[in-house]
Amino acid sequence: MDPVIMQELARAESQQDAASLKRAYQLIKSANLGKSEFDPTESFSPDLFVLCAEQALKMGQPEVSEDCIRMYFKVKGPVTQFLGRAHLCRAQLCAPKSTENMEEFENCVTQYMKAINFAKGEPRYYFLVYNASVLYWRMARPFLKPGYHHHLIPSLSQIVSVLNETEEEDKGWRAELMLELLECYLQAGKHEEAAKFCATAAPFIKANAPQKYRQIFALMVRHELMDELQLKEEKRSSTSLSVTFQINMLKAKLDKNDLSEDINRILKDTYKCLSYYNHQHFPSIREEKILLLFELAHLSLILKCGEIASDCLSDLKKMDSKVGGQGLGGRPGLPWLALWCALAPSLTHGPLSFVQTQLNIVRRLDTVLQRAVRLGDPRVIHVVCATQWDTCLPLLQHDLRHHLRKSLTAIAEVLEKVDSLMVLFRCQVHMEMAYIEEDEGRLEAAMAHLKKAMLLDTLGLHQDKLKMAFNRLQLCATLYQVPERAEDKATLAIEQAKKAMPEDGVRKKRALLVNAGLALAPDTFQIVLDSENEARVSTGKKRGRFTHLYAKARHHSLSVDEAAGHVRRLRGRNDKERVQIWAEMATVARKQGVWDVCRTASRFCLVYDVGKVQRQARLKRGRPRGVQLNDRPTPPNDLSQHPVGYTPESPEDNAEWITYR
C-alpha cells in the first residue's frame, strides 16, 4: 500500500495535481481507520502522514495537512526525523495571521522550538535545525517593525545559539541571524545585552562572513557597543572601516543632537579618504565604494553640506558611466540617480519658483520609481520612495498637495507590494493620501487610506487622530442619518459649516457652528457665547458712573466661568476627542469670520489645557516685582449733573471700577 500512496504523492508534487493529493489523502485516512481498499493487514508507515501533510502545505491545502498531522501524533510512530518534520508542519499551520495575535505567535514559536530541540540532539537531524531557522525567520519577518522587535528576542537568541552549537555550515546564514538579533536588541532598548552579544558575534562575522562585517562595525560605532579606542584601532585596518567609522560617529552625534564639531571638515576628510579607495580591479570593492559614497552623500544632504554631497554624486556618476550605466552588481545605478534628483534644488539656480522646481523633481522621481520597480530590488525601491517622500514634504500644504496624488499613490502601492517593514513611513503616506482624497470629495477612498494607516501605526502614535478622522468621514458619508453621540452631532454640524458656499451669509454659517457648540455643551455653550452680548447685561435699579461697566464685566466673568464648570462635570469623558472638536470649531469659525463663536470655542478648548490653567493660577497669586500692567482702561468722563460742593470720587477708590479694570 505504501508504494501506491508514494506514487500519488510523487505525482501530486511533480505535476501539482490536486486530484493525486486527494487520492493519497483518502488512502491514508482509510488505512488509518483500518478500511483500506487493499489488504487491511498490509503494513502502513506513519511517515506517510507527514509526507502528505508537507505536500498539502505546499499546494495550499492546510485542512488536509492539519488532519494528517493530527493522525500522525495520534498513532505515536517511531522517533525519526519525521517527528521533527511534523512539528515544522504544525508550526507553519499555526503561524500568526497578524502581529496583533501574540497567542498564535507564542504557539507557533513553541512548535519551532520543539522541532529544533528534538533535532539538535542527533547530528543526522541537524538539517532540521537549519530548516526550522529558515521557516521561523519567514514567519517572524512581520515582527521586524517598531514596537515588536522585543517579541523575537527570546526565540531568535535560542535559534542563534543552537545554530552555533550544531556548527551549522552556512556561516553566512548564521551571520545574518546574528545581525538581526543585534538589531532586535537595539530596537528594544537592550543596550547592555547588545554590547555583550557583540563581543562574540563581531569576531565570528569578521572571520566567517567578512562581507557583512562592515554592517556590524557600523552598529558598534553608532550605538557605542565597543570601547572607542578599540573601534579606532579597528578602523585602521581598512579604508572601508575608516570611512564607516566617521560616517557612523556623525550619525551618533546627530542622534544625540550634539553636532558641535567642525562637521564640514570631518565630511571633507572622510570624502578625501574614500577617494583613495582603489576599486578598479575588484568588483566587490567597487560595490562597497558605491555604498559608502551613497551613505556619505545622503549624510551630507541631511547635514546640509551640499558641496560634499555633490562631489560624492559626481564620483558615483563617473563610476556608473565607466561600466555602461550599470550600478550595484551590474544593475542600473538608481540610488545615486534618486539622490541626484533630490540634490537638484541646491545645485540649480534657474528662474523657476521653488514650488515648480520641487514639482519637476517629483515628476522625475516618478520615472525613477518606475525603473526601480522594474529592477525589483527592494533596497533600491526603499531609497527612491524615501527620496520622493522627502521631496514631497514641502508641498504637503492644503493648496498644493493635490499635485502629489499620483506620486504618493505610487509610493503607497509599491511599498505595499514589497511588504515593506517601514510601517511608520507607510502610515504617514496613507494619512496624507487620505487628506488629498478628502479634499477631492472621494470619501470612500479617504477612509480606505485611514484604515491602512491605522493598521500600520504599530506604535499607536497617531491612533487618536486617525480614529477621529475616520469617524468624521463616516459621518460625512452618511449625512442623512442623525448621529446619537453628542460629539458626532457636533462634528457633523462643523462639517456642514465647512461646506457652506461663499455666497452664504455669515448668519447661516454661524447657525451651523452654534448648533455644534450646543451639541457639545447644551447646558453652557449659549451662556458662554452670550458673555459678549450686552443685551444680556442687567444693571438693576442702581445708576452710578461705573455701574454699567461693572455689570458688563461681572456678566462676562460669570458667563465665561461656566466653561470650566462644564468640563469639570464631564469628569474627563472623551476629553481628547472633545478638545479636538472645540479646536476644529474655533479654526472653522475663524476662517469664516464668525468671531464670537471662534472666541467661545477657544475658551472651551483652553479649559482642557492644564498648563494654561496652572499658569493662570500662578498669576492670580501675585505678579513678579517690576511687572507693569499695560493697556490700562481709561475711566469714562462723568457727564451726570451734581449739586454744588460735590466732591468727585477717584476711580481708584471705586470698587466697581476696580472690578471692571
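Quick caveat: nothing in here was measured; it's all calculated off a predicted structure.

Caption draft 1: Focus on the nonpolar core. If you look at the biggest cluster of nonpolar residues, it comprises 83 residues, and the most contacted ones within it are Y112, Y136, L182, I205 and I216. When residues in this core are grouped by element, the largest group, 10 residues, is from helix α9 (residues 171–187). When near neighbours in sequence (up to four residues on either side) are disregarded, Y136 contacts V109, Y112, L152, S155, L156 and I159. Formed by 30 residues, the second largest nonpolar core is a distinct cluster that contains V528, A563, L570 and W582.

Caption draft 2: Molecular detail of the confidence of the model for the protein. Of the residues in the protein, 90% reach a pLDDT of 70 or more, and the chain-wide mean stands at 86. Overall, residues 324–333 carries pLDDT values under 50, and its contacts beyond four positions in sequence, including any with other chains, amount to 23 contacts. A low-confidence stretch, residues 623–627 stays under pLDDT 50, and its non-local contacts, those more than four residues away or across chains, total one contact.

Caption draft 3: Looking closely at empty space enclosed by the protein. By the definition in use, this model includes one cavity of 30 Å³ or more. Lining the largest cavity are M431, Y435, L450, K465, L466 and A469. Looking at the lining of the largest cavity, the elements that each hand over two or more residues are α21 (423–439) and α23 (463–477). Of the residues belonging to the lining of the largest cavity, the class tally is five nonpolar, no polar and one charged.

Caption draft 4: Local environment of the packing of aromatic side chains. Throughout the structure, instances matching the rule amount to 14 aromatic pairs. Judged by centre distance (6.2 Å) and plane angle (65°), the ring pair of F143 and Y148 falls under edge-to-face. For F143, a relative accessible area of 1% puts it in the buried group. Under the relative-accessibility criterion, Y148 is labelled buried at 7%. Taken together, F105, F143 and Y148 form an aromatic cluster joined through their ring pairs. If you follow K145 out to its NZ or CZ, it ends over the ring of Y148, 5.1 Å from the centre.

Caption draft 5: Summary view of helix α25 (residues 506–520). For α25, built from 15 residues, the straight-helix expectation of 21 Å at 1.5 Å per residue is met to within 8% by its first-to-last C-alpha distance of 21 Å. Every buried residue of α25 is accounted for by K509, L512, L513, V514, A516, G517, A519 and L520. Looking at the packing, one finds that the buried side of α25 touches α24 (486–498), α26 (525–529), α27 (547–570), α28 (575–591) and α29 (595–607).

Rules of the game
- Residues numbered from 1 in each chain as written.
- Predicted model: local features only at pLDDT ≥ 70, side-chain atom pairs only at ≥ 80, totals over all residues.
- Heavy atoms only, no water.
- Core = buried A, V, L, I, M, F, W, Y, C linked by side-chain atoms within 4.5 Å.
- Buried < 20%, exposed > 50% of the residue type's maximum accessible area, 1.4 Å probe, protein only.
- Helix = DSSP H or I, 4+ residues; strand = E, 2+ residues; numbered from the N terminus.
- Contact = heavy atoms within 4.5 Å.
- pLDDT = per-residue confidence, 0-100.
- 1 Å grid on protein atoms, 1.4 Å probe; cavity = no way out; pocket = protein on both sides within 12 Å on 5 of 7 lines; lining within 4 Å.
- Points joined across faces, edges and corners; volume = space filled by probe spheres on them.
- Nonpolar A, V, L, I, M, F, W, Y, C, P; charged D, E, K, R; others polar.
- Phe/Tyr/Trp six-rings, centres within 6.5 Å; stacked < 30°, edge-to-face > 60°.
- Lys NZ or Arg CZ within 6 Å of the ring centre and 35° of its normal.
- Expected span 1.5 Å × (residues − 1).

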